[in-house]
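Read off the chains here:
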Amino acid sequence: MDRREFIKKCISIAAISTVTPLFRTKKLLGSPFEGEKNPDLVAVRNGEPDKMFDAAIKAFGGMEKFVKRGQTVVVKPNIAWNSEPDGGACTNPILVKRVVEHVINAGAKKVYVFDHTCHDWESTYKVSGIENAAKNAGAIVVPAHKESYFEEVRVPGASILKTVKVHELILESDVFINVPILKHHGSTLMTSAMKNLMGVVWDRGFYHRNDLHGCISEFCLYKRPDLNILDAYYVMTNNGPMCYSKEFVSKKKMQLISKDIIAIDAAGAKILGREPQDIKHVVYGSQKGLGNIDIEGLNIERIVL
Amino acid sequence: MSRRFKRQRVFIEIFIFLLIFLSFFRIFPEYLNDVPKRIQIIPVLLRIFSSISLLTIFTLISFLLLTFIFGRIYCSYICPLGAFQDGLIGFWRKVRKEVKYKYNPPMMNLKFLILSLSIISVISGSLYFIIWLDPYSFFGKIVTYVFKVPFIFLNNSLDIILRKFDFYFISSLEYPRVHLLNLIPFILVIGLIIFFTIKRGRLYCNSVCPLGTFLGIISKHSLIRLSIDSNCTSCGLCERVCKAECIDYKNKIVDESLCVRCFNCVSTCPVSAINYVLYYRVKEVKLDEEKKSGISRRKFISYITSLIAFTGINLFGRKNIETDDKIPPTPPGSGYLSRYIEKCTACYLCVNNCPTNVLQPSIIQYGIRGSFIPHMDYKSGFCEYECNICSNICPTGALLPVSVEEKKEIQIGTSKLRKDICVVYSENSDCGACAEHCPTKAVHMVPYKGLLYAPEVNNLICVGCGACEYACPTNPKKAIIVQTNIVHKRIEKGICLPPPEEKEELEIEEVEGFPF
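Predicted model only: the values in this text are computed from it and were never measured. (Residues numbered from 1 in each chain as written. Chains lettered and ligands numbered in written order. Predicted model: local features only at pLDDT ≥ 70, side-chain atom pairs only at ≥ 80, totals over all residues. Heavy atoms only, no water.)

Turning our eyes to something else, we now look at the overall build of chain B. On a plain count of helices and strands, chain B comes out with 23 helices and 10 strands. Here chain B holds 516 residues, and 55% of them are scored as buried. Relative to all contacts within chain B whose residues are 6 or more apart in sequence, the contacts with residues 24 or more apart total 73%. (Helix = DSSP H or I, 4+ residues; strand = E, 2+ residues; numbered from the N terminus. Buried < 20%, exposed > 50% of the residue type's maximum accessible area, 1.4 Å probe, protein only. Contact = heavy atoms within 4.5 Å.)

And the structure:
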């Protein structure tokens, strides 16, 4: 290869790689641009939580897209209340187990699972079945019930939540995977991916005192999860967020996956029969440019098992 | 043969001490914590007043019989405070090589004054003396105030170190909330105990402890006694090692009402002249007549006066409590306030075993008559809906056992919402922390303005658990507080469901079964 040929090749490669994405010719080019094919949101229906996750993460190109070999990962389910798996208040343990297994198969060095619970943490970890499931899958289950586990950080660009105490493992870990459950909430109308992040924070009372929705959305200015996996298998449609009676739980058998925390919450709102515009923290989040609330325009991959 | 007694005693003493000690640390499962509290005489005695069961009667009778046969074995084998003192004596022996005891006649007046004050106080409905003088309950306070703090400090520092290496099998614990006013009487009594112990061995047990005095009365006529044989060389070693100060080697007398059956003397005697034998083999020795004689008239009058005065104070205190309406609720299973006050000895076993830390030692929240007993502190936590540990663990029956299902129907208080401070009503901002935590939906959210939902209270189904008060974010005053039911009530059954939330039906276009 002489110099001229080399320069030619260089220029052509550079040209192709810069121009092709503009023309969205990814289908023509095939494998080297597979990453571009990723949907914004994957929605799965009509399967068991673990099977649905297998299908969903496959549509995203596998967990290897998010977790590199040797990384440490936080998997944050919702374990807030004393509720059995079919109570609809905590993330399905089968899903948590499968997520942890995928993360470990992707080569993660360590996987941490925790939540700052509302009920006594020892009992919620047990009753929800998550402690057992995560431990069996190889995760390290960590407490988050004392202030000493939390560290104060600054939230860039925040007007209310200027500083916040966050669990130290969120600061130390490489990858943050959010595994919320979708349920009704008496005040915020919906608990989903953004609301679930209140479980990595120490002082929730501050949120409640100073514009709950504003604080929930501003936390995402500090950190957005690398991946959100929304469990909508058992969905509490009323009288949430604690499992007060199982008669308000309907078995929807759905699951959503997205990198966009606003989009996944907007889609979650629809599952609960709400317009995304009704949920103020989702609206605030989209106004801050944290994601896309208008899910009609998104590339959604729908999978029915 | 004789040396075996002491070794056995020390072994059993340490074993039972550890059982009792660890029952304060939520380490064992509940059924193991059950054992140590059931073999404590004063709690079992109080239990008979609150809930007679065959087991309690059997325990009590067997204790009386054991004491009648063997003497005050409770004091050296089972009493945790006795073991604590023995440990202290052992430590003091290490520090100071020379610790000598010498025979001292019993302080009859003091002993019986305290015993009768304690009995009168129980009868007149206040356990004030028992709270500080029952050895088991006082030991509970020692654990709470003394052992717990360094334990938690160690535990939490270990947690901080271990979690750097990803070991999470221990987790940080909450420090007990200690108020200075709780500490003052505690320090006075523990100071007295420590002073007595290092100076005069088991003097506390033989002069202050009402249980020691009571058991001493029985033990005086016990069947198996310590006797000094004729081959005694009068070396005085036994008297020197007798921490109960009950051996008078010159007259070869062992005062059976003081002896705590530690068997130090038996193992020390170089010629095996002191033996633990049946009564008929003991040589009868005449006690000093003076000691046996009663109290003088003047003393008797002052005695009676003080008792009357004390009863009066008690009744005065009782009056005080009914008019006070700012008192915290009593734990489920306590029934009503005055019953709770009359039964609780403040051993703090429940405080140490409460998973949410809602039970905290009170100061005078329940009035002077009920000072220092545990109260529901909704600043530290809230009562877990699915938990009944405190009612099961209570040694005295101040909290009667209730099943979880029963407990869910007991109303220990009701919630009161203050709309003037509530975030939703006063600032038109979303909150709902109270309704979120409410286990019965007595506090629930109703449509207020547009999409804003506001809390409302239905006290018919409120259990008074305090979850709403604990969760309420307002500062410094809570916008929702629990008002105490002096007498516990039951919630109304059947109206557990709040009206379902009205929602506009959205017209949803479904794509492949998905609403988006």
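Bringing the side chain of Arg163 of chain B into the picture now. Its location among the elements puts Arg163 of chain B in the loop between α9 (135–162) and α10 (180–200). Given a relative accessible area of 6%, Arg163 of chain B falls into the buried group. At 2.8 Å, the side chain of Arg163 of chain B forms a polar contact with the side chain of Glu168 of chain A. Among all residues touching Arg163 of chain B, those that are not within four sequence positions of it are Ser148, Tyr149 and Glu168 of chain A together with Tyr168 and Ser172 of chain B. (Polar contact = N/O pair within 3.5 Å; in protein donor to acceptor, adjacent residues only side chain to side chain.)

Of the residues lining the interface, 49 residues belong to chain B; the matching set on chain A comes to 60 residues. Of the roughly 4,400 Å² buried between chain B and chain A, counting both surfaces, carbon and sulfur atoms make up 53%. Of all residues in chain B, the largest losses of buried area upon contact with chain A belong to Tyr168, Glu436 and Phe516 of chain B, amounting jointly to 17% of the total for that side. Taking the shortest distance from any N to any O, the salt bridge between Asp430 of chain B and Lys280 of chain A comes out at 3.5 Å. Summed over the shared surface of chain B and chain A, the result is 18 residue pairs in polar contact (both at pLDDT 80 or more). Of all the secondary-structure elements, those providing two or more residues to the side of chain B that touches chain A are α9, α21 (423–427) and α22 (433–437) of chain B. (Buried area = accessible area lost by both parts, 1.4 Å probe. Salt bridge = Lys/Arg side-chain N within 4 Å of Asp/Glu carboxyl O.)

Moving on, we come to helix α4 (residues 93–105) of chain A. Residue and element names in this part refer to chain A. Here α4 spans 18 Å end to end across 13 residues, near enough to the 18 Å set by a 1.5 Å rise per residue. Two to three positions downstream of the cap, the backbone nitrogen of Ile94 sits 3.1 Å from a side-chain oxygen, assigning the N-cap of α4 to Asn92. In the stretch just after α4, Gly107 is the one whose phi turns positive, near 105°. (Expected span 1.5 Å × (residues − 1).)

By size, the foremost hydrophobic cluster in this structure holds 123 residues, and its most contacted members are Met63, Val67, Val99, Ile177, Tyr207 and Phe219 of chain A together with Phe516 of chain B. Among the elements that make up this core, the one with the highest residue count is helix α11 (residues 261–271) of chain A (8 residues). Beyond its immediate chain neighbours, meaning those up to four positions away, Phe219 of chain A contacts Leu161, Val164, Val166, Leu197, Val200, Val201 and Tyr207 of chain A. (Core = buried A, V, L, I, M, F, W, Y, C linked by side-chain atoms within 4.5 Å.)

Next up on the list: the pattern of salt bridges. Residue and element names in this part refer to chain B. Per the counting criterion, the structure on display carries 28 salt bridges over all chains. Notably, a salt bridge pairs Asp86 with Arg9, separated by 3.5 Å at the nearest N-O pair. One end of the pair, Asp86, is in helix α6 (residues 80–95); the other, Arg9, is in helix α1 (residues 2–22), and 77 residues separate them in sequence. Side by side, Asp86 and Arg9 carry an identical accessibility label, which is buried. Several salt bridges converge on common partners, so that one network encompasses Arg9, Glu13, Asp86, Arg202 and Lys243.

The next point concerns the packing of α6 of chain B against α10 of chain B. All names here are of chain B. Closest axis-to-axis distance for the α6/α10 pair is 9 Å, and the angle between their directions is 50°. In terms of their interaxial angle, α6 and α10 are classed as oblique. As for how α6 packs across α10, the hand of that crossing is right-handed. Contacts between α6 and α10 involve Leu81, Phe84, Gln85, Leu88, Ile89 and Trp92 from the former and Ile190, Ile193, Ile194, Thr197 and Ile198 from the latter. (Axes fitted to C-alpha atoms, helices over the stretch in contact; angles between N-to-C directions. Parallel < 35°, antiparallel > 145°, perpendicular 65-115°, else oblique. Left-handed = near helix turned anticlockwise from the far one by under 90°.)

As a further point, take the packing of α6 of chain B against α9 of chain B. Residue and element names in this part refer to chain B. Contact geometry of α6 with α9 gives a least axis separation of 7 Å together with a crossing angle of 55°. If you check the angle between α6 and α9, you find them oblique. On the side of α6, the interface is formed by Pro80, Leu81 and Phe84, while α9 contributes Pro135, Tyr136, Phe138, Phe139, Ile142 and Phe147. Residue composition of the contact of α6 with α9, grouped by class: 9 nonpolar, no polar and no charged. (Nonpolar A, V, L, I, M, F, W, Y, C, P; charged D, E, K, R; others polar.)

Moving on, we get to the packing of aromatic side chains. Aromatic ring pairs are described here by two measures, namely the spacing of the ring centres and the angle between the planes. Residues and elements named next belong to chain B. Using the criterion set out here, one finds 29 aromatic pairs over all chains in the structure. Measuring from ring centre to ring centre gives 5.2 Å for Phe21 and Phe147, while their planes differ by 85°; the resulting arrangement is edge-to-face. Taken together, the positions of Phe21 in helix α1 and Phe147 in helix α9 put the pair 126 residues apart, joining distant regions of the chain. Among the aromatic side chains, those forming a connected cluster through ring pairs are Phe17, Phe21, Phe24, Phe25, Phe84, Tyr136, Phe139, Phe147 and Phe151. (Phe/Tyr/Trp six-rings, centres within 6.5 Å; stacked < 30°, edge-to-face > 60°.)

So, about the confidence of the model for chain B. All names here are of chain B. Counting all residues, the mean pLDDT for chain B is 85, and 90% of those residues have values of 70 or more. The spread of mean pLDDT over the elements of chain B runs between helix α15 (residues 289–292), the lowest at 45, and helix α23 (residues 467–471), the highest at 94. This complex was scored by the predictor with a pTM of 0.85 and an ipTM of 0.84. (pLDDT = per-residue confidence, 0-100.)

In this section: unusual backbone geometry. For residues other than glycine, phi is negative in most cases, and the peptide bonds are mostly trans. All names here are of chain A. That bond from Gly240 to Pro241 is cis: its omega, 5°, falls within 30 degrees of zero. Topologically, Pro241 is positioned in the loop between β10 (227–236) and β11 (249–258). Of note in this structure, Asn239 is not a glycine but carries a positive phi near 55°. Considering the arrangement of structural elements, one finds Asn239 in the loop between β10 and β11.

All right, on to the environment of Glu172 of chain A then. Looking at the secondary structure, you find Glu172 of chain A in helix α7 (residues 168–172). Spatially, the C-alpha atoms of Glu172 of chain A and Lys51 of chain A are 31 Å apart, while their sequence positions differ by 121 residues.

Three or four residues apart is the spacing at which side chains of an α-helix point the same way, because the helix has 3.6 residues per turn. The buried fraction of helix α12 (residues 210–219) of chain B amounts to 8 of the 10 residues, a majority that puts the element mostly inside the structure. Of all the residues in α12 of chain B, the buried ones are Pro210, Leu211, Gly212, Thr213, Leu215, Gly216, Ile218 and Ser219 of chain B.

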